[in-house]
Amino acid sequence: MSSLSLLLSRLTIPSDFARYEAVSDPKVISELELWKDAASRVLSEVKNLLDEKISIQEHANVVSAVAPFTAADTWVTPESKIVSSDILHQLPEPDGQLLEHILIHNVKPLFVSSPHPHLNLSTGRRLARPAGGPMNTQDFFEGQTWKEHPGTAEVVLYVVQNLKASEYEGVWHLVIPPVMTLLDDYQGLYKLRGVQIVAVMLGNVPGQLLKRTGVDSLLIQSLSTCMGLIRDPESPDLLRTSIAAWLTLTTKTTDVGSAEQFDRLSVLLGEHIIGSVWLYGSAIAPVILATVEALPPVVRQLGIGSARFLKALMYQLLYPLQQNSADTEMQLRSIDALLVVMKECAPRISHWSGAILNAVARCFVTMQEDGMKHDWCLSSLST
């Protein structure tokens, strides 16, 4: 075994990091902290060895061992995060051959034990009927050996970040199963990583490939599930990222101005944001804030079509402006969204002018009385 291989073997992340928050044994915690510090030193040694020419297999193994340390996670120190990023930048630019090698030899074996029930693993296409019968979901969540390998999501993310649009076709059956497995996991943390990877993937993957393989509808179904999680610690980030991904997916797979695009955007705003999060999560301030922050691009894309939801939008956006005790960040983000709604729904906004003026005036007076230094907000309210 080469010196590089020996060093990489020492970067195998202990599986206890996958459940770090649940670890209570002081001895185990101490061992994990010692390992974390040692890993930082090992990464520095790996960096010093990379002046030598390496094979494609070694290149793939370096990426798979080092990429997990680019995450903001429990096994990462500030030093290891910096060094790991330096290593990845120091390596030759990844090409399609390398990324395919990583998917085949470093990623796929980790997910073999829990195949996604809605995908044909040979083609990456959506199955007409889920594999495994009525117990497919239970089977899917059992034997998740990939969870014993913390940092796997970062390796998948690295591949997705570096795949060119023209390369997706050839590796689609390799890249989409792990992405969907993360996205459809029952734990919010893995769902969030899945959505983040999907958001990156949608920036480059051809829309026709998504439609032809049926994965566009599968993604819509999965994103809908993600937006239904409103009580998890990850829920605010999950909502922000899911809404943004939904918008990008809709743009890529529907024609501008088509009934299909209108319907999909209406489902996002009417069913998920208003009918789910605002209805059932009204007392959960962080998730309401997350949806209000994500609202402006949704309203812009839907345009005057947002007017059918004007009553719900006005009630939600004006309410924080009238409350003396309301969170300032919620008020600021509500003003952002309100300005967009007023612009896009201008032909229908006159009916609400009195309510808007009343709420804005209250907020303006409250902020001035409290001596808040929010010049942008005050100037926006003045208009």
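Everything below is about the structure printed above this text.
Attention in this report is confined to the structure presented alongside it. Everything numeric here is computed off the predicted structure, so don't read it as measured data.

1. With respect to the environment of Ile356
Phase 1: Looking at where Ile356 falls in the secondary structure, it is placed in helix 17 (residues 353-369).
Phase 2: Classification of Ile356 as buried rests on a relative accessible area of 7%.
Phase 3: Taking C-alpha positions, Ile356 is 23 Å from Val277, a pair spaced 79 residues apart along the chain.
Phase 4: Once residues within four sequence positions are removed from consideration, Ile356 is found in contact with Met314, Leu318, Leu338, Met342 and Ile349.

2. Quick notes on the packing of aromatic side chains
Phase 1: The final tally for this structure, using the stated rule, is eight aromatic pairs.
Phase 2: With a centroid separation of 5.7 Å and an interplanar angle of 55°, the aromatic rings of Phe17 and Trp35 are classed as tilted. Residue Phe17 is found in the loop between helix 1 (3-9) and helix 2 (26-49), and its partner Trp35 is found in helix 2; the two are separated by 18 residues along the sequence. The exposure classification of Phe17 matches that of Trp35, with both residues buried.
Phase 3: Ring geometry for Tyr315 versus Trp352: centroids 5.9 Å apart, planes at 90°, classification edge-to-face. Placement of Tyr315 in helix 15 (residues 310-318) and of Trp352 in the loop between helix 16 (328-344) and helix 17 is noted, with a sequence separation of 37 residues between them.
Phase 4: Among the residues examined, Tyr315 registers a relative accessible area of 54% and is labelled exposed.
Phase 5: For Trp352, a relative accessible area of 13% translates into the label buried.
Phase 6: In this structure an aromatic cluster arises from ring pairing among Phe17, Tyr20, Trp35, Phe69 and Trp75.

3. Looking at helix 17
Phase 1: Compared with an ideal rise of 1.5 Å per residue, which puts 17 residues at 24 Å, helix 17 spans 24 Å between its outermost C-alpha atoms and is within 8% of the ideal.
Phase 2: For helix 17, the complete set of buried residues consists of Ile356, Ala359, Val360, Cys363, Thr366 and Met367. Buried positions in helix 17, seen along its axis, are confined to an arc of 130° and lie on one side of it. Exposed and oriented more than 90 degrees from the buried face of helix 17 are Leu357 and Glu369.

4. Some words on the packing of helix 9 (residues 188-202) against helix 12 (residues 235-253)
Phase 1: For the pair helix 9 and helix 12, interaxial distance at closest approach is 9 Å and the crossing angle is 30°. Accordingly, the angle class assigned to the pair helix 9 and helix 12 is roughly parallel. Our pair here, helix 9 against helix 12, has a crossing hand that is left-handed. Where helix 9 abuts helix 12, its residues Lys191, Leu192, Val195, Gln196, Ala199 and Leu202 lie against Asp237, Leu238, Thr241, Ser242, Ala245, Thr248, Leu249 and Lys252.

Each value, and the rule that gives it
- Residues numbered from 1 in each chain as written.
- Predicted model: local features only at pLDDT ≥ 70, side-chain atom pairs only at ≥ 80, totals over all residues.
- Heavy atoms only, no water.
- Helix = DSSP H or I, 4+ residues; strand = E, 2+ residues; numbered from the N terminus.
- Buried < 20%, exposed > 50% of the residue type's maximum accessible area, 1.4 Å probe, protein only.
- Contact = heavy atoms within 4.5 Å.
- Phe/Tyr/Trp six-rings, centres within 6.5 Å; stacked < 30°, edge-to-face > 60°.
- Expected span 1.5 Å × (residues − 1).
- Arc of directions from axis to C-beta.
- Axes fitted to C-alpha atoms, helices over the stretch in contact; angles between N-to-C directions.
- Parallel < 35°, antiparallel > 145°, perpendicular 65-115°, else oblique.
- Left-handed = near helix turned anticlockwise from the far one by under 90°.

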